[in-house]
Protein chains: 2
Amino acid sequence: MTSFVHSFSAPGTPDRDQLGGKGAELARMVQLGLPVPPGFTITTAACRHVFEHGTRPAGLTGDIEHHLALLEEETGRRLGDGEQPLLVSVRSGAASSMPGMMDTVLDIGLNDETVAALARVTGDDRFAWDCYRRLVQMFGETVLGVPAERFGELVAAVVAEHGAEDLAGVGADGLRDLVERGDALCREVAGRSLPQDPREQLDLAIDAVFASWHGERARLYRSRFGIPDHLGTAVNVQAMVFGNRGAASGSGVAFTRDPATGDLGDYGEYLPDAQGEDVVSGTRTAVPMARLRELDRPTYHQLRAIMGTLERHYRDLCDIEFTVEDGRLWILQTRVGKRSPAAAFRIAADLVEEGMITEDEALVRVSGEQLTQLMFPQLDAGSAGPPAAAGLAASPGAAAGRVVLDNATAVAMAARGEDVVLVRPETRADDLPGMVAARAVVTARGGRTSHAAVVARGMGLPAVCGIEGLEIDLTTRQVTLAGRPVFAEGDVVSVDGGTGRVYCGHHRTVPAEVTRWLEGENVESPLVSAVARLLAHADRTRRVGVRANAETGHDVERAVRFGAEGVGLVRTEHMFLGDRRTYVERVLIGSDAEREDALRELHALQRESFAVLLAAAGGRPVTIRLLDAPFHEFLPDLTELAVCAATAQVRGNPNQALEDRLAAVRRHHEENPMTGLRGVRLSILRPELVVAQASAAFEAAADLRDRGCPCDLELMVPLVSSAQELAVVARSVAQAADDVAARRGRVPYRLGTMVETPRAAVTAGPLAQRADFLSFGTNDLTQLTWGLSRDDAERSFLPRYLDDGVLRSSPFTTIDEEGVGRLVGLAVDEARASRPGIPVGVCGEHAGDPASIGFLAGLGVSYLSCSPFRVPVARLEAGRAAVLAEGCPADRFDELAAPIPATAG
Amino acid sequence: MTSFVHSFSAPGTPDRDQLGGKGAELARMVQLGLPVPPGFTITTAACRHVFEHGTRPAGLTGDIEHHLALLEEETGRRLGDGEQPLLVSVRSGAASSMPGMMDTVLDIGLNDETVAALARVTGDDRFAWDCYRRLVQMFGETVLGVPAERFGELVAAVVAEHGAEDLAGVGADGLRDLVERGDALCREVAGRSLPQDPREQLDLAIDAVFASWHGERARLYRSRFGIPDHLGTAVNVQAMVFGNRGAASGSGVAFTRDPATGDLGDYGEYLPDAQGEDVVSGTRTAVPMARLRELDRPTYHQLRAIMGTLERHYRDLCDIEFTVEDGRLWILQTRVGKRSPAAAFRIAADLVEEGMITEDEALVRVSGEQLTQLMFPQLDAGSAGPPAAAGLAASPGAAAGRVVLDNATAVAMAARGEDVVLVRPETRADDLPGMVAARAVVTARGGRTSHAAVVARGMGLPAVCGIEGLEIDLTTRQVTLAGRPVFAEGDVVSVDGGTGRVYCGHHRTVPAEVTRWLEGENVESPLVSAVARLLAHADRTRRVGVRANAETGHDVERAVRFGAEGVGLVRTEHMFLGDRRTYVERVLIGSDAEREDALRELHALQRESFAVLLAAAGGRPVTIRLLDAPFHEFLPDLTELAVCAATAQVRGNPNQALEDRLAAVRRHHEENPMTGLRGVRLSILRPELVVAQASAAFEAAADLRDRGCPCDLELMVPLVSSAQELAVVARSVAQAADDVAARRGRVPYRLGTMVETPRAAVTAGPLAQRADFLSFGTNDLTQLTWGLSRDDAERSFLPRYLDDGVLRSSPFTTIDEEGVGRLVGLAVDEARASRPGIPVGVCGEHAGDPASIGFLAGLGVSYLSCSPFRVPVARLEAGRAAVLAEGCPADRFDELAAPIPATAG
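This one's a predicted model, so the numbers in the text were calculated from it and none came from an experiment.

(A) How the structure looks around the relation of the copies chain B and chain A. Of the transformation placing chain B onto chain A, the axial shift is 0.1 Å and the rotation is 179 degrees, giving an RMSD of 0.3 Å. Considering both components of the superposition, the chain copies are consistent with a two-fold axis. Of the interface residues in chain B, 100% have counterparts in chain A that sit at the interface too, so the contact is made through matching surfaces.

(B) Highlighting the sheet that holds strand E28 (residues 750-755) of chain A. Residues and elements named next belong to chain A. The parallel closed barrel is built from eight strands, whose spatial order is E24-E25-E26-E27-E28-E29-E30-E31. Each strand of the sheet is rotated relative to its neighbour by a mean of 30 degrees, with strand direction disregarded. Judged from the five bridges that link them, strand E26 (residues 621-625) and strand E27 (residues 712-717) form a sheet pairing that is parallel. Directly across from Thr-623, in E27, lies its bridge partner Glu-714.

(C) Region of the structure containing the UniProt feature "domain: Pyruvate phosphate dikinase AMP/ATP-binding" (unreviewed entry) in chain A. Residues and elements named next belong to chain A. In this structure's numbering, the residues bearing the UniProt feature "domain: Pyruvate phosphate dikinase AMP/ATP-binding" (unreviewed entry) are residues 17-54, 60-285 and 294-347. Secondary structure across residues 17-54 comprises 66% helix and 11% strand; the distance between its end C-alpha atoms is 21 Å. End-to-end, the C-alpha atoms of residues 294-347 are 28 Å apart, and along that stretch the chain is 50% helix and 31% strand.

(D) Spatial organisation of the domain arrangement of chain A. Partitioning chain A into structural domains gives domain 1 (5-240), domain 2 (241-339), domain 3 (376-510) and domain 4 (542-630 + 670-884). Inter-centroid distance (C-alpha atoms) of domain 2 of chain A to domain 4 of chain A is 54 Å.

(E) Region of interest: the packing of helix H5 (residues 125-142) of chain B against helix H7 (residues 172-190) of chain B. All names here are of chain B. At their nearest, the axes of H5 and H7 sit 8 Å apart, and the two run at 20 degrees to each other. On the basis of the axis angle, H5 is roughly parallel to H7. As H5 packs across H7, the resulting crossing turns out to be left-handed. Listed contacts from H7 to Asp-125, Arg-126, Trp-129, Asp-130, Tyr-132, Arg-133, Val-136 and Gly-140 of H5 are Ala-172, Leu-175, Arg-176, Leu-178, Val-179, Gly-182, Asp-183 and Cys-186. Of the residues belonging to the contact of H5 with H7, the class tally is eight nonpolar, two polar and six charged.

(F) The sheet that holds strand E17 (residues 463-465) of chain A, seen in detail. Residues and elements named next belong to chain A. With respect to topology, eight strands assemble into an open sheet ordered E12-E22-E21-E14-E15-E16-E17-E13, the strand pairing being mixed. A strand with exactly one partner marks an edge of an open sheet, and here the two such strands are strand E12 (389-390) and strand E13 (392-395). Two strands pair when backbone bridges link them, and strand E21 (residues 492-496) and strand E22 (residues 501-504) are joined in this way by four bridges, in the antiparallel orientation. Residue pairing for E22: Val-495 is matched across the bridge by Val-502. On top of the sheet, helix H16 (residues 407-415) reaches strand E14 (398-404) and strand E15 (420-424); it is set at about 180 degrees to E15, its chief contact.

(G) Focus on the pairing of strand E28 (residues 750-755) of chain B. Residues and elements named next belong to chain B. Of all six residues making up E28, five are buried, and the element is well covered by its neighbours. Following the backbone out of strand E27 (residues 712-717), through helix H28 (residues 723-744) and into the adjacent parallel E28, one traces a crossover that is right-handed. The pairing of E28 with strand E29 (residues 774-776) spans three bridges and is classified as parallel. Its bridge partner being in E29, Thr-753 is matched across the sheet by Leu-774.

(H) Spotlight on the interface of chain B and chain A. Counting from both sides, the interface comprises 55 residues of chain B and, opposite them, 56 residues of chain A. Between chain B and chain A, a total of about 5000 Å² is buried, with carbon and sulfur atoms accounting for 57% of that surface. Three residues, B:Glu671, B:Arg759 and B:Trp786, lead the burial of chain B against chain A; their summed loss comes to 12% of the area buried on that side. As a salt-bridge pair, A:Arg822 and B:Glu830 come within 2.5 Å of each other at their nearest N and O atoms. Where chain B packs against chain A, one counts 29 residue pairs in polar contact (both at pLDDT 80 or more). When contributions to the side of chain B that touches chain A are tallied by element, the ones reaching two or more residues are helix H24 (638-650), helix H26 (680-685), H28, helix H29 (758-762), helix H31 (778-786), helix H32 (790-795), helix H33 (798-803) and helix H34 (820-834) of chain B. It is H24(B) that provides the largest number of residues to the side of chain B that touches chain A, a total of seven residues. Tallied by class, residues from the side of chain B that touches chain A come to 24 nonpolar, 17 polar and 14 charged.

(I) Expanded view of the packing of H24(B) against helix H25 (residues 656-667) of chain B. All names here are of chain B. The geometry of H24 relative to H25 is characterised by a closest axis approach of 10 Å and an angle of 150 degrees between their N-to-C directions. Taken together, the axis directions place H24 and H25 in an arrangement best described as roughly antiparallel. Between H24 and H25 the crossing geometry is left-handed. Residues Leu-638, Leu-641, Ala-642, Cys-644, Ala-645 and Gln-649 of H24 touch H25, and the partners they reach there are Leu-658, Glu-659, Arg-661, Leu-662, Val-665 and Arg-666. In terms of residue class, the contact of H24 with H25 is made up of eight nonpolar, one polar and three charged.

The rules behind each value
- Residues numbered from 1 in each chain as written.
- Chains lettered and ligands numbered in written order.
- Predicted model: local features only at pLDDT ≥ 70, side-chain atom pairs only at ≥ 80, totals over all residues.
- Heavy atoms only, no water.
- Least-squares fit on C-alpha atoms with pLDDT ≥ 70 in both.
- Contact = heavy atoms within 4.5 Å.
- Pairing = 2+ DSSP bridges.
- Helix = DSSP H or I, 4+ residues; strand = E, 2+ residues; numbered from the N terminus.
- Axes fitted to C-alpha atoms, helices over the stretch in contact; angles between N-to-C directions.
- UniProt positions renumbered as here; feature names shortened; annotations may be inferred.
- Domains from an automatic or database assignment.
- Parallel < 35°, antiparallel > 145°, perpendicular 65-115°, else oblique.
- Left-handed = near helix turned anticlockwise from the far one by under 90°.
- Nonpolar A, V, L, I, M, F, W, Y, C, P; charged D, E, K, R; others polar.
- Buried < 20%, exposed > 50% of the residue type's maximum accessible area, 1.4 Å probe, protein only.
- Right-handed = clockwise from strand over helix to strand, strands pointing away.
- Buried area = accessible area lost by both parts, 1.4 Å probe.
- Salt bridge = Lys/Arg side-chain N within 4 Å of Asp/Glu carboxyl O.
- Polar contact = N/O pair within 3.5 Å; in protein donor to acceptor, adjacent residues only side chain to side chain.

Pasting the structure below:
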């Protein structure tokens, strides 16, 4: 039977599952010969036994006794000893990092007797009583369950009674008073006080740490990060060391490289005569690491040597907590250091250069999310004052411009060369022209998954969403916040989508050097070199193609510069928003004559647009999707129209044209347009629309051919659910192809289908028989698989779902692997079985989501098609996915996956 | 190498795939020793060879030559002979019946010479020329492609020139004239006339029959009935016999039993001195079979003996075509006879009684569709005059009542004991109270799959839908058809949902004896005995349970009488329609105080309703589904409200209450309510609603227990997509259970989930871990799997899809096996793998659809839950499915699957 307790100095590879992360790292550092305060770890197996049986396993108490004796021997101190008292800390440490989620008790071993001994040994009465009052408080909260605020009230009372500003101004007597009153509080609330027997303190603390695994916060954290509930935590018992024993003592934090930039050098802070928590709390100002060199040269050089050892061991940036006690250096903790996105790229590339890691390893140490951060411009923090309004950081980047409150104004002002910021209650598909014209978007309603946020992220447009209390008055053209005016249409504001803040006035933005380089500018910097190196490796490694979704020549050109290998999705309905909506309206509900005219104009417009796109793609494949949008997006709003007509009538000015239009709109009104007459259904009901679009594409391709330009044309049918539907549209397309061929010669094309209904996914086999390629529209597929309308869900229940942990992330942001992902996987397999080698792409938003790309690549799709801005991200993530699929270990980097702090060091 | 031609008298079991249905039956009758005009069959293999190679296979022409010689020898006549000419018919005959879809040419062998011989032999000049002109016409149309209407014009001209009323009044000379002019028409249109060489006539006719396989109609028929395109047809060449050679000749049709009632006896018609087509065309009045006994006793007895032989052979009702030529009886065709629903049950039960078939065989010879027909009352055909309006026969049954034009009036009048007929432009969910109150429903818009049709069929309510040109004026309370008034509110009309007709005035309806018996009345009749016998056998055989969907005690009682084993679905939202909608409105968008009040009232109402349901179920399981309806169904219409508010303002009477309500409705307005805030989402956002409903159910159960009544309670959560959602609701339900338990003692219950989103289907494994049972809602599952909103689809593209053959049937009527069915199958398997033995039901409309039940039963579901009226149908179909799954042959009964004629015999 293995022991339930392991000394930090036990031989053998530390087992993270048994010892937890902290215990394993402490043992590893001891093995590396580093000066670690001695101690031992009680295993997760012991914790699980307690959970399962309600009692400690046989032998555990004896094991603790044994290791405690070894610890006393090693330190030369004894728990509860009146001369040389041993103090220990008791800390949790699970196999997966759960920072701050479980309990800690420090200074165990103090009682009314040992506190005097500690005062004597340290020569610091106040320090000893401060340690004691901390123990009373931590033990009271953690073990006895006394509410923290009750201790807070006590501290406030004592501070007040001593006429001090805070506890630092209270002397030993006051702290002694606090210990007594804290103890009384424990008796009052919990019916008992801190045990005077240090052995009992230790046992109760260990049990409390075990129990904290099932605490509310810990449970929530696990459910959020998918950590199984049954694992349990290890417990570390470690001798206390003190950095506050005078001038030859101190505490600090050090990084082996600059976590903000990745530069080599001394980074960190040191605080003489202080404990670690003083460094963290910032009550006293720490000094840079370089000062340690002056204060204590031998310790500084020892620390530098240790940093080198650790970095070589971990082959990564390390973050070290250390304490100097009476001139002796102790390492308390080491972990892989958090870093800024720029530092992540720099460090990964530098470590390759230094021969410490391979390019594959470097690739998995950076992420698409980090690359995204590096591509957005940012507001110059120095120049901006307090923000005028703050909401959700919905889409990163920064921009300034004049406030506009509607689409038409935005488009008009942008056409005059003005920078504009679109401010709307919320956005919908029809706001797209305004968003395209704007430099930034601000909305009053909607979360990080709202239309505005999602579209803005896709476009690389800064956005601040969900500013509570923001009201937009379209009559006065004023914007108010909680009733008070903040700005009016025409005012200049600056928007920082990375922080969610909106400032009055124009503030400087700093363009991102990575983006300038991607755009083709000649930028030389260590960061750009690092990004270039890792992107190039990703391109060599990845097995999935990257295309872009684009509707303008400008976007296609940018996508190609950013590395896109084609255009995977041209949403032709995007060419008919704003004023152009009427073309489609006339085709759909106009008279025969109106329809004919509109079709002719639509054909001409599309022919020109397609030619521009095909030319910009320079022979790379371009996938033009037939018109797909809910019917109502092309028609006027029914309620608005009904109100107009009714009020006109009441006013005695009945308007027959208005009434006719209202009747037509009412006739075509749909209860659920998302699942109504759209996509292939419209194509079947209005084959003339298919013919117009397809022949426009064929003519555009013929025009290009005649000009000697290469061109690779694909047409795609949306919202298909059955092979029969596809067959009907294929006939219309073939008819258009024959017509154009008769006049211009035959133009080669491939005809494919979207897979965006669950039925298309489960019948992908038969569909593949009729299609030249398939492309997943994971956005609609997600809506239908979950049975939820994205816009409605984001306005009602989705935020609650995310808050309550019913969902870990919005399925529209990151692909739902278990549901939608399963349908995609099944469809890929069956399509390939039915027609080996058929190209299968993904053109939904997930194709550009860093957290989804690896999963999608793993399903074996042929290419991903995302917004141009996301193309480099997709390239990088696709490369990472390939490396990870080869088994390159990523599990040690769980710290890297945690949120990146704004700036560290 | 097998021959491409088989004589009818060839030995061996006839191969239907090679000989086609008609050829195989002719050969079988020859083998039974029946007098069949001799002939031979050219196989489907020959036809396929022609399709594949464009020419006849080597040897085919020789084979035909050979068999023609045998035929001439057997008949003593020769093709083209100037004394004893042989005439033959050339008929198609595919393996699967395709009645009337392909071509036939009769009287081949006639030319200018043989027509004279035929006249001599028959002694009937007019008859010979009539045969000849038929040949010219049929050959012209079929082989030469002359349009039928051109011959029609010719006939009309000749009839007019001879001053006759129709062709029967035209003599031999006129017919000779018609032959000449028909021949000229052929030359004009096709460039050639009927060949004078009978051998050439035969060859061309055979090739034309082959070619007719690819005709437009045949192709459409195959695509509709799923017959593969490559099979091809056989061709039968048979000696002509003539029933019009005088008093000792004649033709007739006979049934071995009465196809209308199933009674034993002589059924059929005989027409002396006539050809078969004269019997069918009805130009002369046929006499009943009994007359043949007087006219020609030996032939009558010979026919009776043959009928016995055939019925013993086919072990089923046979339909026989025969001809008497000069006292000699010829059997031309036999097939399994079509029959009325009543006859189907009678004959199946009688054949069991007579020891001819087993009960299993009897069960597969009847269908749920037939049973449905037997359950509806019908309008007494005799008493009704011409209909006032006609539309689609949307839901069978008949009823009379006063016209009402809105729900409130319907409910109010019904409450006064009046029979009412609800007449609406179309219906939606909110019309349900009116439909419940009505005896019949009539709508101006909507097809057989519209809301009105579907709900009416579910309720067993007669409905006529889609009456074109019907306008309902709610101001004048008048209903007009194409602008002319037909009836006004308050007028009495009679509705026949089985024929789609609406009559003015009250006409008698005949209640169905089967329904009276099912309702518990003591009805003794051969039909009821037959139905009872087969239903009992179905109950013994079926492996799937049958429950009912019901919301009232009355419906539950009826369901139990009809054989339901429980209530599989209580749609609690149905308890809050009409006036009661405001309870839910107040809970959803009311102030805190309004919400509290509404919840209390809702709880009291539901407690009472649930107690009634549970009591009526008498201890059988009752599955109460938590509130599920799109949010907007409980709120006022946004457009109507906006118009009211705007016009009030313009009129100078602004109404603040109205404005507030409008603002609230606008705030909660959803673009796509079907996929919006409903089902489990509402339960999570408003847990108080779950608590109110669940505690009402628990209190109702406790009330029953206190009264000593048995009770088996299930609660079900709608629209679940993930196990997390279910877990959240389970907590609210457990809370309600604990609360009630504290006051009343614990009430046992099971908590299950609907599977109606595709995600629920693909994650049925994890869901089964958290649910006591699963129940498929195939209606929503169909909407989401196809990505189509039923109401919108039925108003726009679904009719076109059905017309164009993109869909064979509406997926809302009959389950889409390939898509939705696959998801159901996958979910059943994975739920059972995850939790063996977990009950899995189906409570969507498909559970009551005869065409879907077999498929669903085959997937291994535990029970089907359908409307009470469909319970007997589900029992019967579930029994059939079990028998068919055991391999009981059903393929010989393809004729039975064809539409049943109104009345035969």
